[in-house]
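Examination of the molecular architecture
Given next are the chains, with one letter for each unit.
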Amino acid sequence: GNGFMLGIEIRDAAGKPDAARLEHIKLACREQGLLTLTCGAALGDPRADNTTLRLIPPLNTPEDTLWQGIGIVESVIQATK
């Protein structure tokens, strides 16, 4: 399908991948009506490991809906610091 994908890598204060926080963000977004996906690998190497929140809206999403989704993601991320 047509669309675009954005990825937001979630790391802790030390710069290490933070899988627990990523899961919390994903669930909190869902509670507010925004479906997200996650991706990444946990190989045991902080330089290679990855915890990413994926946003994949279709290209025909109305602009106000996009901004609403961005607002949800922003508020959830700020609340889970």
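The sections below set out a description of the structure shown in this document. Worth saying up front: this structure is predicted, and the values here are computed from it rather than measured.

**So, the sheet that holds strand S1 (residues 6–9)**
Hydrogen bonds between backbone atoms are what pair the strands of a sheet, whose relative direction is either parallel or antiparallel. Taken together, three strands build an open sheet; the order of strands is S1-S3-S2 and the sheet is antiparallel. The two strands at the open ends of the sheet, each matched to only one other strand, are S1 and strand S2 (37–39). Between one strand and the next, the sheet's axes are offset by a mean angle of 30 degrees, whatever the strand orientation. Sheet topology places S2 next to strand S3 (residues 52–55); three bridges connect them, and they run antiparallel.

**A few points about the packing of helix H1 (residues 19–31) against helix H2 (residues 63–79)**
Contact pair H1 / H2: the axes reach a minimum separation of 10 Å and the direction vectors enclose 135 degrees. Classified by the interaxial angle, the pair formed by H1 and H2 is oblique. The way H1 lies across H2 gives a crossing that is right-handed. Between H1 and H2, the contacting residues are Arg21, Ile25, Ala28 and Cys29 on the first element and Ile72, Val73, Val76 and Ile77 on the second. Looking at the contact of H1 with H2 residue by residue, the classes come out as seven nonpolar, no polar and one charged.

**A few points about the nonpolar core**
Listed in full, the twelve residues of the largest apolar core are Ile10, Leu22, Ile25, Ala28, Cys29, Leu34, Leu53, Leu55, Ile72, Val73, Val76 and Ile77. Of all the secondary structure elements, the ones that give two or more residues to this core are H1, S3 and H2. In this view, Val76 contacts Ile25, Ala28, Cys29 and Gln32; residues no more than four positions away in its chain are not counted.

**Quick notes on the side chain of Arg21**
Here Arg21 lies in helix H1. Buried and unpaired, Arg21 has no salt bridge, with Asp18 as the nearest side chain of opposite charge at 5.1 Å.

Conventions we followed
Residues numbered from 1 in each chain as written. Predicted model: local features only at pLDDT ≥ 70, side-chain atom pairs only at ≥ 80, totals over all residues. Heavy atoms only, no water. Pairing = 2+ DSSP bridges. Helix = DSSP H or I, 4+ residues; strand = E, 2+ residues; numbered from the N terminus. Axes fitted to C-alpha atoms, helices over the stretch in contact; angles between N-to-C directions. Parallel < 35°, antiparallel > 145°, perpendicular 65-115°, else oblique. Left-handed = near helix turned anticlockwise from the far one by under 90°. Contact = heavy atoms within 4.5 Å. Nonpolar A, V, L, I, M, F, W, Y, C, P; charged D, E, K, R; others polar. Core = buried A, V, L, I, M, F, W, Y, C linked by side-chain atoms within 4.5 Å. Buried < 20%, exposed > 50% of the residue type's maximum accessible area, 1.4 Å probe, protein only. Lys, Arg positive; Asp, Glu negative; His and termini not counted. Salt bridge = Lys/Arg side-chain N within 4 Å of Asp/Glu carboxyl O.

So, to be careful, I would describe these as geometric facts and stop short of saying anything about function.
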